Amino acid sequence: MNDDDPDAELLARVGRGEPRAVREMVERKLGRLLSLAERMLGRRVEAEEVAQEVFVRVWKQAPHWQSGRARFDTWLHRVALNLCYDRLRRRREEAPDDDADEPAADRAEAPDELLEVKQRGRRVARALADLPQRQREALVLQYYQELSNGEAAELMGIGIEALESLLVRARRSLRARLAGEPRRNDDA
Amino acid sequence: MTPERFHALLDACGADLRRWPDAERDGARELLANGPGALRAACAEAALLDRTLDAHEVVAPDSTLIERIAGAAPSAASDAASDAATIEPSAGALPSAVSSARRARSWWRGAGFFWPRAGWALTGLAGAIAGALVVSVALGDAGPAAATDWQKRATAFTDRGADWSEE
């Protein structure tokens, strides 16, 4: 058992097929996976599909997990990222110009305050979607997923200096983009 | 920590020191408290961007999605049932039986994932068939002592060598 991995015990129980553990694993990790996939893909529906695919792999692999080789959460992020890459690649191949998707958000009527928050979120989502993929990935892993710089760099297969460089460029681009973008009433 | 390093990390990680590398956090706090005021101004500016980024929220998963995903997981009972159904007839046929059991489980998983309702119904049917087999083994012959050792069967494939951490 890997004492450093906070998911190891739960994963072992999932591997033994304990229904309560399965449920607990979904509740513990689903939000995190959706957060990653939705910010990488910009589409809620696809993010949910990715999350489901990740869990299928979890169920399949849980009985074979070898503690100590990798943290489960890191592996989970790796699998989810690979699935996101596959979808982004397919998207580019199928419709190279179809990159300006409306970020995941509904257009339902909402009170003014809520609308304002949603609009701001949508502006950030659009700016995030416009970042080069590696910058977006670095920011999503380090900022939104709250992985350490070391974990994010390891997942991306780069050094920490390279990760910091990507983060700096990502944040500069976002600052410029978000500062320069007028607040439009037609955002809703 | 030098002011240059402070600015570099501020530009990369934002104003919340919890996102900074562990080893550099104390030095940053020290510098922030005792260093030039320009550092605090830069921090306030970075915090503005952080707050803007935080506006991009992801809606929490709803219970339907949670149920669908949890429902696609194989239960210990259905796994054991499919193992029992394939392995029981002959202990000597274990390798191919194991392979069959694995295929069977993959099939169940696929069914559960794409057609949750059908998956549950078929799982129930498999459970009934396997139950009948187990009862017949328990009553009819002196099958292997491990005939009902579900746990052991469920981990029969743990020596699979794939380095799936790279998946």
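Residues numbered from 1 in each chain as written. Chains lettered and ligands numbered in written order. Predicted model: local features only at pLDDT ≥ 70, side-chain atom pairs only at ≥ 80, totals over all residues.

Asker: What is the right way to look at the overall build of chain A in this model?
Answerer: Counting secondary structure elements, chain A contains eight helices and zero strands. Across the 188 residues in chain A, those meeting the buried criterion constitute 41%. (Helix = DSSP H or I, 4+ residues; strand = E, 2+ residues; numbered from the N terminus. Buried ≥ 20, exposed ≤ 12 C-beta atoms within 10 Å, placed from the backbone.)

Asker: For this particular structure, what's the right way to read the overall build of chain B?
Answerer: Along its length, chain B carries eight helices and zero strands. Split into buried and exposed, the 167 residues of chain B put 20% on the buried side. Within chain B, contacts between residues separated by at least 24 positions form 64% of all contacts whose residues are at least 6 apart in sequence. (Contact = placed C-beta atoms within 7 Å.)

Asker: Looking at this structure, I do not really get the confidence of the model for chain A. What am I missing?
Answerer: Low pLDDT marks regions whose predicted coordinates should not be analysed in detail. Residues and elements named next belong to chain A. On average, residues of chain A score 86 in pLDDT, and 85% of them are at 70 or above. Predicted confidence in chain A is weakest over helix 5 (residues 112-130), with a mean pLDDT of 86, and strongest over helix 6 (residues 133-144), with 97. Contacts from residues 183-188, a stretch scored under 50 in pLDDT, to residues over four places away or in other chains number five contacts. (pLDDT = per-residue confidence, 0-100.)

Asker: Just checking my understanding: could you explain the interface of chain A and chain B for this structure?
Answerer: Many structure descriptions define interface size as the accessible area lost when the parts assemble. With 45 residues of chain A at the interface, the matching set in chain B holds 37 residues. Secondary-structure elements contributing two or more residues to the side of chain A that touches chain B are helix 2 (19-41), helix 3 (44-61), helix 4 (72-94), helix 5, helix 6 and helix 8 (160-180) of chain A. The class makeup of the residues in the side of chain A that touches chain B is 21 nonpolar, nine polar and 15 charged. (Nonpolar A, V, L, I, M, F, W, Y, C, P; charged D, E, K, R; others polar.)

Asker: Help me understand the nonpolar core in this model?
Answerer: Most often, soluble globular proteins have nonpolar side chains that are buried together. Leu33(A), Ala37(A), Ala51(A), Val54(A) and Ala80(A) are the most contacted members of the largest nonpolar core, which totals 63 residues. If you tally residues by element for this core, the top one is helix 2 of chain A, at 11 residues. (Core = buried A, V, L, I, M, F, W, Y, C linked by C-beta atoms within 7 Å.)

Asker: Where do I start with the packing of helix 2 of chain A against helix 6 of chain A in this structure?
Answerer: When two helices pack together, their arrangement is given by the angle between their axes and by how far apart the axes lie. Residue and element names in this part refer to chain A. Packing of helix 2 against helix 6 brings their axes to within 10 Å, and their N-to-C directions diverge by 150°. With respect to helix 6, the axis of helix 2 lies roughly antiparallel. Crossing angle aside, the handedness with which helix 2 passes helix 6 is right-handed. Residues Ser35, Leu36, Arg39 and Met40 of helix 2 form the contact with helix 6, whose participating residues are Arg136, Glu137, Val140 and Tyr144. Split by residue class, the contact of helix 2 with helix 6 holds four nonpolar, one polar and three charged. (Axes fitted to C-alpha atoms, helices over the stretch in contact; angles between N-to-C directions. Parallel < 35°, antiparallel > 145°, perpendicular 65-115°, else oblique. Left-handed = near helix turned anticlockwise from the far one by under 90°.)

Asker: For this particular structure, what's the right way to read the environment of Arg171(A)?
Answerer: Here Arg171(A) shows up in helix 8. In this structure the C-alpha to C-alpha distance between Arg171(A) and Arg136(A), which are 35 residues apart in sequence, comes to 9.6 Å. Residues within four places of Arg171(A) in sequence aside, it is in contact with Asp11(B) and Leu49(B).

Asker: Before we go on, may I ask you to explain helix 6 of chain A in this structure?
Answerer: Three- or four-residue spacings in an α-helix give side chains the same orientation, since the helix completes a turn every 3.6 residues. Residues and elements named next belong to chain A. Taking 1.5 Å per residue as the helical rise, helix 6 with its 12 residues ought to reach 16 Å, and the 15 Å between its terminal C-alpha atoms agrees with that figure. For helix 6, a buried count of 10 out of 12 residues is recorded, marking the element as mostly surrounded by other parts of the structure. When we look at burial in helix 6, the residues that qualify are Gln135, Arg136, Glu137, Ala138, Leu139, Val140, Leu141, Gln142, Tyr143 and Tyr144. Remark: glutamate 146 follows helix 6 within two positions and exhibits a positive phi of approximately 55°. (Expected span 1.5 Å × (residues − 1).)

Asker: Before we go on, may I ask you to explain the confidence of the model for chain B in this structure?
Answerer: Residue and element names in this part refer to chain B. A residue-level look at chain B finds 44% of positions with pLDDT of 70 or above and a mean pLDDT of 63. At the low end of the mean pLDDT range in chain B sits helix 8 (residues 150-154), at 31; at the high end sits helix 1 (residues 3-13), at 95. Scored below 50 in pLDDT, residues 83-167 makes 89 contacts in the model with residues more than four places away or belonging to other chains. Interface predicted TM-score (ipTM) for the complex: 0.82; the corresponding pTM is 0.68.

Asker: Help me out: how do you make sense of unusual backbone geometry in this one?
Answerer: Leaving glycine aside, a negative phi is the common case for residues, and trans is the common case for peptide bonds. All names here are of chain A. Although it is not a glycine, glutamate 146 sits at a positive phi angle of roughly 55°. The topology assignment puts glutamate 146 in the loop between helix 6 and helix 7 (149-156). The exposure class of glutamate 146 is partly exposed, given the 14 C-beta atoms found within 10 Å.

Asker: Is there a simple way to think about the environment of Arg51(B) in this case?
Answerer: Residues and elements named next belong to chain B. Along the chain, arginine 51 turns up in helix 3 (residues 37-54). On the basis of neighbour counts, which here come to 12 C-beta atoms within 10 Å, the residue arginine 51 falls in the exposed class. In this structure, the C-alpha to C-alpha distance between arginine 51 and alanine 15, residues 36 residues apart in sequence, is 9.9 Å.

Asker: Explanation requested: the packing of helix 1 of chain B against helix 3 of chain B in the structure shown.
Answerer: Residues and elements named next belong to chain B. Relative orientation of the contacting elements helix 1 and helix 3 amounts to 5°, with a least axis distance of 11 Å. The angle between helix 1 and helix 3 falls in the class roughly parallel. Together, Pro3, Phe6, His7 and Leu10 of helix 1 and Leu39, Ala42, Cys43 and Ala46 of helix 3 make up the contact between the two elements. For the contact of helix 1 with helix 3, a count of residues per class yields seven nonpolar, one polar and no charged.

Asker: Could you clarify how one ought to interpret the environment of Asp73(A) in this entry?
Answerer: Counting through the fold element by element, Asp73(A) comes out in helix 4. Expressed as a C-alpha distance, the spacing of Asp73(A) and Ala8(A), which sit 65 residues apart in the sequence, is 9.7 Å.

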